[in-house]
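Fold and contact review
For reference, the chains in residue letters:
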Amino acid sequence: MIEETLLEAEEKMEKAVVVAKEDFAAIRTGRPGPATFNKITVDYYGAQTPVNQLASFAVPEARMVVVSPFDKSALAAIEKAIRESDLGVNPANDGNIIRVVFPELSEERRKEYIKVVRGKAEDGKVSIRNVRRHAKDALDKAVKAGEIGEDEGHRAQDELDETTQKYTGEIDELLKHKETELLEV
C-alpha cells in the first residue's frame with residue numbers, strides 16, 4: 001500500500017518535471033530551433049495537429065527557421081498557425097517552404113520571457129505539491145483505517161517529502177538554467 005502510493009506519486013512528479021522541461025524548450029532564447037514550434041497546432045483536415053508532425057525544420061541561419069511541409073496543401077494553414085502563435089514572427093511563404101525570421105531579442109522581451117518561464121516553473125511546482133497532497137491524504141486514510149501503523153505512515157510521509165523536495169529542486173535547476181540562457185546576449 002505504502003510503496004504503491006509513493007511510487008505513483010513519484011511517477012506523477014516526474015511527469016510534472018518533464019512537462020516543465022517541454023514548456024521551457026518551447027520558449028526561445030537567442031537561437032530558435034524546432035522545439036520553438038512544439039506547442040503550435042494546425043487545423044489539418046478538421047483535426048488539431050502539432051506543426052512538428054506536418055513539417056520538417058531546418059535552421060540555415062542563426063535567426064531563421066525554414067519550415068518544409070510534408071503536404072504542400074497544408075502550407076497556408078501552417079503559415080497561419082505560426083503567424084497567430086505567441087512567437088511574435090511574420091512567416092514568409094514562397095509556395096514550397098515557409099521562412100520564419102526571428103527578430104533579435106530585446107532586453108524587454110527577454111525579461112518578459114523570464115516572467116513566463118518563472119510562471120511555468122511555478123505551475124510545475126504546484127502540480128508536484130498537488131501530487132504530494134493527494135499521496136499524503138491517501139497515507140492518512142490508510143493510517144486512520146488501520147491498514148498501516150502510525151510510525152509507518154510518518155516514515156512514508158517523510159519519504160514523500162524528500163521526493164517532493166527532489167523534484168521541486170529539479171524544476172528550480174531547470175529554471176535557473178533557462179534564466180541564464182535567456183540573459184545571455
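If you check an unreviewed UniProt entry, the chain appears there as Ribosome-recycling factor from Nocardiopsis mwathae. According to UniProt, the comment filed for the chain under the heading Function (unreviewed entry) is "Responsible for the release of ribosomes from messenger RNA at the termination of protein biosynthesis. May increase the efficiency of translation by recycling ribosomes from one round of translation to another." UniProt, in its Subcellular location (unreviewed entry) section for the chain, records the words "Cytoplasm".

**Observations regarding the side chain of glutamate 79**
Mapped onto the secondary structure, glutamate 79 falls in helix 2 (residues 75-84). For glutamate 79, the side chain forms a polar contact with the side chain of asparagine 93, separated by 3.1 Å. Not counting chain neighbours up to four residues away, the residues in contact with glutamate 79 comprise Pro91, Asn93 and Ile98.

**Here we look at the packing of aromatic side chains**
One pass over the full model with this rule turns up three aromatic pairs. For the ring pair tyrosine 44 and tyrosine 45, a centre distance of 4.8 Å and an interplane angle of 70° mean the geometry is edge-to-face.

**Concerning a negative patch on the surface**
Residues Glu3, Asp158, Glu159 and Glu162 make up a contiguous surface patch of negative charge. If one sorts the elements of the negative patch by residue count, helix 4 (residues 150-183) sits on top with three residues. Among the secondary structure elements, glutamate 162 is positioned in helix 4.

**Some remarks on the nonpolar core**
Ile2, Met13, Val117, Ile128, Leu139, Leu160 and Ile171 are the most contacted members of the largest nonpolar core, which has 26 residues in total. Taken together, the elements giving at least two residues each to this core come down to helix 1 (2-26), helix 3 (107-145) and helix 4. Considering every element that reaches this core, the biggest residue donor is helix 3, with nine residues. Filtering out sequence-adjacent residues up to four positions away, isoleucine 128 remains in contact with Met13, Ala16, Val17, Thr164, Tyr167, Thr168 and Ile171.

**Observations concerning the pairing of strand 2 (residues 47-50)**
Relative to strand 2, strand 1 (residues 41-44) runs antiparallel, the two being bridged by four bridges. In the strand pairing of strand 2, threonine 41 is matched with proline 50. Connecting the antiparallel pair strand 1 and strand 2 is a turn made up of two residues, with tyrosine 45 showing a positive phi of about 50°.

**Remarks on helix 2**
The complete set of buried residues in helix 2 reads Leu75, Ile78, Glu79, Ala81 and Ile82. In a view along the axis of helix 2, the buried residues occupy a sector of 165°, so they form one face of it. Away from the buried face of helix 2 by more than 90 degrees, exposed residues Ala76 and Glu84 are located. The elements touched by buried residues of helix 2 are strand 1, strand 3 (55-61), strand 4 (64-69), strand 5 (92-93) and strand 6 (98-101).

**Focus on the layout of surface pockets**
Its volume calculated, the largest pocket comes out at about 310 Å³. Around the largest pocket, the lining comprises 16 residues; the ones closest to its centre are Ala26, Ile27, Asp86, Leu87 and Lys120. Listing elements by their share of the lining of the largest pocket, those giving two or more residues are helix 1 and helix 3. It is helix 3 that contributes the most residues to the lining of the largest pocket, five residues altogether. Here the lining of the largest pocket spans two domains, and each of domain 1 (1-27 + 106-184) and domain 2 (34-101) adds at least three residues to it.

**A short note on helix 3**
Between the first and last C-alpha of helix 3 there are 57 Å, a value that for 39 residues agrees with the 57 Å anticipated at 1.5 Å per step. If you check which residues of helix 3 are buried, you get Arg110, Tyr113, Ile114, Val117, Ala121, Gly124, Lys125, Ile128, Val131, Ala135, Leu139 and Ala142. Packing partners of the buried residues in helix 3 comprise helix 1 and helix 4. In the segment just after helix 3, glycine 146 is the residue with positive phi, at about 85°.

Thresholds applied
Position labels on residues start from 1 in each chain and follow its written sequence. Thresholds applied to this predicted model are a pLDDT of at least 70 for local features of residues and 80 or more for the giving and counting of side-chain atom pairs; totals over whole chains, interfaces and linings are not thresholded and use all residues. As a rule here, side-chain values cover all heavy atoms of the structure and leave hydrogens and water aside. UniProt positions are given in the numbering used here, feature names are shortened, and annotations may be inferred rather than shown by experiment. Per the convention used, a helix needs a DSSP run of H or I reaching at least four residues, while a strand needs a run of E reaching at least two, with both numbered from the N terminus. Any N or O atom pair separated by 3.5 Å or less is treated as a polar contact, with the protein-specific requirement of one donor-capable and one acceptor-capable atom, and with residues adjacent in sequence counted only for side-chain atom pairs. Contacts are residue-level and defined by heavy atoms, with any inter-residue pair within 4.5 Å sufficient. Only Phe, Tyr and Trp rings are paired, with Trp represented by its six-membered ring, and only when their centres lie within 6.5 Å; those with planes under 30 degrees apart are stacked, over 60 edge-to-face, the remainder tilted. A patch consists of residues whose relative accessible area exceeds 30% and which take part in no salt bridge; residues with like charges are grouped when within 9 Å of each other, and nonpolar side chains (Val, Leu, Ile, Met, Phe, Trp, Tyr) when within 5 Å. Using a 1.4 Å probe, accessible areas were evaluated by the Shrake-Rupley method; residue-level cover was limited to the displayed protein chains. Basic side-chain nitrogens of Lys or Arg form a salt bridge, by our definition, when they fall within 4 Å of a carboxyl oxygen of Asp or Glu. His residues and chain termini do not enter the charge count, which takes Lys and Arg as positive and Asp and Glu as negative. Here the site of a charge means atom NZ of a Lys, CZ of an Arg, CG of an Asp or CD of a Glu. Here, the term nonpolar core denotes a set of buried Ala, Val, Leu, Ile, Met, Phe, Trp, Tyr and Cys residues that are joined through side-chain atoms within 4.5 Å. Burial classes follow relative accessibility: with a 1.4 Å probe on protein chains only, a residue under 20% of its type's maximum area counts as buried, one over 50% as exposed, and anything between as partly exposed. Should DSSP find at least two bridges between two strands, the strands are regarded as paired. Each C-beta atom gives one direction from the helix axis, and the arc is the one those directions make. Points on a 1 Å grid over protein atoms alone make up a cavity when a 1.4 Å probe fits among them but cannot get out, and a pocket when they form an open set with protein on both sides within 12 Å along at least five of seven lines; lining residues each have an atom within 4 Å of a point. Grid points are joined across faces, edges and corners, and a volume is the space filled by probe spheres set on the points. Where each domain begins and ends follows an automated or database-derived domain assignment. Expected helix span is given by 1.5 Å per residue-to-residue step, counting one fewer step than there are residues.

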